[in-house]
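One-letter residues, chain by chain:
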Amino acid sequence: MRIESIGIHEVKLDLKHFFETSFARVTYEHFLLLEVTVDGVTGWSECVAGESPAYSSETVKTALHAIEDFIAPHVFGCAYDHPDDILPSLHHVRGHNMAKAAVEMGAWESYARGRGESLSKALGGTRTEIASGVSIGIQDSVGQLLEKIEEELSAGYRRIKMKIKPGWDLDVVRQVRERFPDALLMVDANSAYSLADIELFQKMDELDLMMIEQPLHYQDMWDHAKLQKEIRTPICLDESIHSLDDARRAIEMKATQIINIKAGRVGGLSSARDIQKLAAEHDIPVWCGGMLESGIGRAHNVHLSTLSNFTLPGDVSDSKRYFVEEIIEPPVEVRSDGTIEVPTGPGIGYDIQKDRIEKHRISHRILTP
Ligand code: OSB
Ligand code: MG
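Residues numbered from 1 in each chain as written. Chains lettered and ligands numbered in written order. Predicted model: local features only at pLDDT ≥ 70, side-chain atom pairs only at ≥ 80, totals over all residues. Heavy atoms only, no water.

As a further point, take the site of ligand 1. Taken together, 15 residues form the shell around ligand 1, and within it S135, K163, N190, L292 and Y322 come nearest. S135 is positioned with one of its side-chain polar atoms (N or O) 2.9 Å from an oxygen atom of ligand 1. In isolation ligand 1 offers 390 Å² of accessible surface; the protein chains occlude 96% of this area. Taken together, the residues of the shell around ligand 1 break down into five nonpolar, three polar and seven charged. (Near = heavy atom within 4 Å. Polar contact = N/O pair within 3.5 Å; in protein donor to acceptor, adjacent residues only side chain to side chain. Areas by Shrake-Rupley, 256 points an atom, 1.4 Å probe, with all protein chains shown as cover. Nonpolar A, V, L, I, M, F, W, Y, C, P; charged D, E, K, R; others polar.)

This part covers the packing of helix 3 (residues 97–115) against helix 10 (residues 269–281). Where helix 3 contacts helix 10, the two axes come as close as 8 Å, and the packing angle between them is 90°. It follows that helix 3 is roughly perpendicular to helix 10 by the angle criterion. Where helix 3 abuts helix 10, its residues E104, M105 and W108 lie against L269, S270 and R273. Counted by class, the contact of helix 3 with helix 10 contains three nonpolar, one polar and two charged residues. (Axes fitted to C-alpha atoms, helices over the stretch in contact; angles between N-to-C directions. Helix = DSSP H or I, 4+ residues; strand = E, 2+ residues; numbered from the N terminus. Parallel < 35°, antiparallel > 145°, perpendicular 65-115°, else oblique. Contact = heavy atoms within 4.5 Å.)

Let us now look at the domain arrangement of the protein chain. Under the domain assignment used here, the protein chain contains domain 1 (3–115 + 352–367) and domain 2 (122–341). Distance between the C-alpha centres of domain 1 and domain 2: 23 Å. Opposite the 40 residues of domain 1 that make contact, domain 2 presents 46 residues. For the domain 1 face of the interface with domain 2, the top three residues by lost area are K16, Y55 and R356, together amounting to 18%. Here domain 1 and domain 2 share five salt bridges between them. The partner of K165 in a salt bridge is E20, and the shortest N-O contact between them spans 3.0 Å. (Domains from an automatic or database assignment. Buried area = accessible area lost by both parts, 1.4 Å probe. Salt bridge = Lys/Arg side-chain N within 4 Å of Asp/Glu carboxyl O.)

Right, dumping it as structure tokens:
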């Protein structure tokens, strides 16, 4: 395999509704789409680095810098046997997982297309449909949150994740639980708390949550292990896990009982596949996280979710919840039973709408050796 060129489209898409986490409220997404040509076949991917270094230290600009100045020049000089070889070949570039993942995922998509098989099949996935959950941001009022949850449950979603932050936590979640006694509920704190908040999480134990996602610091495992000893509700790590080794350490330390896997955060699809396998060997279930992706990143998530240890509903939901205009056809659709059918065509199996990408594009470059 030879990576011959990398096209980079920098895009901004407006969200239909703001999305608020403990760290920020966003009204649009600013991201990169990559066209990676390998042996004459072009694959598409999405870089999940955001405009600001809020979820992780990577940003759109750092990803552009890392890809243009370090990652692309290196991969152009390599002859690979398989997409699995790309991430290890970049070991001399520290960090920048989202930038590396974007290149690797584009190469994976090209690899699957070249073989005439779906990305799911190329990855070794077995599911023909995946179970879908939703992530609901912090709202302006509890009434608004209850209304949204009602809507998503009637649309068929299998589980509801609520974002929490200090001041929007126990009391809000308690009201949600009272209103929806049987729903599968979980919360995501995006690192907004510390060990000083143990009592708050002990009180949450009464609310029958499936898990608490990343309550503590974004680089921590040790304090999560300490917190887990004090509460019954399983902790699920997101921000803290960037590699197979991180996953192993978190499991050994008992810092996580469930793992949220995002290919961008862990350096690509090969790493994501390896983490779900390692987790299975320790009876740790995983699910596919989301980064408010457009259709291209969303489609990658659909295929990744078909691997065998993705046994919990993920944050991979219907395209129509997100952007004013989607850039793939058909959009990713969730059926009334809360599942998404996995496309069987080559690669991601959705058609990329280049005219729409151009319409929302703010820069474009093509990197070649
Ligand atoms: O922590 O999982 C997260 C969105 C942006 C950044 C971080 C996260 C999220 C989500 C949204 O929870 C998931 C989605 O619907 O894409
Ligand atoms: Mg999260």
